[in-house]
Amino acid sequence: MIPITRKEREWFLDTIALGLVEYMGIAEPPVPVEELLNHPPELYQDDFGVVDMRSNLWDATFARPLTQRGNIFVRLDLEPNERRYALAREMLSALLTSRHGRAMGLADVFLPELRDSADYFARAILMPSNFVHNRNGSDQKPEAIADDFQVTPSMACERCEDLHRHLS
Amino acid sequence: MSMKALNHLVARSIVDPSVVISFNDGRISDVLSECEFAPEMRANLAQLEASSFAEYAMYAYRIVKAAEEAEVSIKMPSPLEGLLPRDSRADQEQVA
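What you are looking at is a predicted structure, and each value in this text was computed from that prediction instead of being measured.

The rules behind each value
- Residues numbered from 1 in each chain as written.
- Chains lettered and ligands numbered in written order.
- Predicted model: local features only at pLDDT ≥ 70, side-chain atom pairs only at ≥ 80, totals over all residues.
- Heavy atoms only, no water.
- Helix = DSSP H or I, 4+ residues; strand = E, 2+ residues; numbered from the N terminus.
- Buried < 20%, exposed > 50% of the residue type's maximum accessible area, 1.4 Å probe, protein only.
- Contact = heavy atoms within 4.5 Å.
- Areas by Shrake-Rupley, 256 points an atom, 1.4 Å probe, with all protein chains shown as cover.
- Expected span 1.5 Å × (residues − 1).
- Arc of directions from axis to C-beta.
- Phe/Tyr/Trp six-rings, centres within 6.5 Å; stacked < 30°, edge-to-face > 60°.

Peer 1: Just give me the short version of the overall build of chain B, but keep the residues and values in it.
Peer 2: For chain B, the helix and strand inventory stands at five helices and zero strands. From first element to last, N terminus to C terminus, chain B shows the α and β order α-α-α-α-α. Among the 96 residues that make up chain B, the fraction classed as buried is 34%. Within chain B, counting contacts between residues at least 6 apart in sequence, those at least 24 apart form 43% of the total. As displayed, chain B has an accessible area near 6100 Å², and 55% of this comes from carbon and sulfur atoms.

Peer 1: How would you summarise helix H9 (residues 153–167) of chain A if you had to cite specific residues and measurements?
Peer 2: All names here are of chain A. Between the first and last C-alpha of H9 there are 22 Å, a value that for 15 residues agrees with the 21 Å anticipated at 1.5 Å per step. Residues of H9 that are buried: Met155, Ala156, Arg159, Asp162 and Leu163. One side of H9 carries all its buried residues, which in axial view fall inside an arc of 115°. Structural note: H9 exposes Ser154, Glu161 and His164 on the side pointing more than 90 degrees away from its buried face. The inward-facing, buried residues of H9 contact helix H1 (6–23), helix H3 (80–97), helix H6 (114–126), helix H7 (129–134) and helix H8 (142–149).

Peer 1: Could you give an account of the side chain of Ser2(B), naming the residues involved and the relevant values?
Peer 2: Here Ser2(B) lies in helix H1 (residues 2–13). Discounting residues that sit within four places of it in the chain, Ser2(B) has contacts with Phe37(B), Ala38(B), Met41(B), Val64(B) and Glu68(B).

Peer 1: How would you sum up the environment of Tyr59(B)? Please name residues and give values.
Peer 2: Structurally, Tyr59(B) can be placed in helix H5 (residues 53–75). C-alpha separation for the pair Tyr59(B) and Asp16(B), spaced 43 residues apart in sequence, amounts to 20 Å. Beyond its immediate stretch of four places on either side in the chain, Tyr59(B) contacts Ile2(A), Leu48(B), Glu49(B) and Ala50(B).

Peer 1: With reference to specific residues and values, describe unusual backbone geometry.
Peer 2: Residues and elements named next belong to chain A. With an omega dihedral of 0°, the bond running from Pro29 to Pro30 counts as a cis peptide bond. Tracing the backbone through its elements, the reader meets Pro30 in the loop between H1 and helix H2 (33–38). At Gln150, a position not held by glycine, the phi torsion is positive, near 55°.

Peer 1: An account of the packing of aromatic side chains is needed here, citing residue identities and associated values.
Peer 2: For the structure shown, the criterion picks out seven aromatic pairs over all chains. Seen from their ring centres, Phe12(A) and Phe110(A) are 5.6 Å apart, and the 70° between their planes marks the pair as edge-to-face. One end of the pair, Phe12(A), is in helix H1; the other, Phe110(A), is in helix H5 (residues 106–110), with 98 residues separating them in the sequence. When sorted by exposure, Phe12(A) lands in the same class as Phe110(A), which is buried. Aromatic rings pair up to connect Trp11(A), Phe12(A), Phe110(A) and Tyr61(B) into one cluster.

No statement about biological role is implied by the geometric values presented.
Spelled out as structure tokens, the structure:
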């Protein structure tokens, strides 16, 4: 795989996140990430699923037992916005290891910086760039943005920084 | 326009297996013909070789980005001409 820059990697993540959001026909926030995981495109029927679990070790993790459906195992006691973020973040691993993701060669692009890529992907799918730009006339306080997108205020700030960085 | 077309193509590829199948079969030009690329850009993208669709998308991004940046620099006014339109420049018509 060719070496790629952070900007190129983030463009790719933004674009595939938009592809999934558009596929679901979502026109405004919040993006129903858990619904996407529970009712995925046919292509990912064997790759997306959510299993609640009691754990103090992690917020969520993706696992694919051999010959079984891949699932995101998520802590039962997370706050709703934290849960959405954790599920969105782990969705990238589900995509990478899916049959279609492997056919696309996604792992070559994202595995070297998986944690960073997964965090970026979570922000990109929960706060798609066009949705953020469309609310330019609205209240720009982090709490207001976070409320619209049902994310934490710190994530809303990070996403705005992502998009601002891309303009420069 | 080309970046918009490329975004559409890559966004489609994550949910439409026909894009990746066409690429793997060496028929990416079939898919490109459905996208709104300028003819010259479409021809350039059809000739790209890559080991995977993801790598192809990265090469395509670089080409489209470079073309867009070149277009912007062509549209920038020359510093020799200044920023005002020729008609409104003070040296065209001297008062008195």
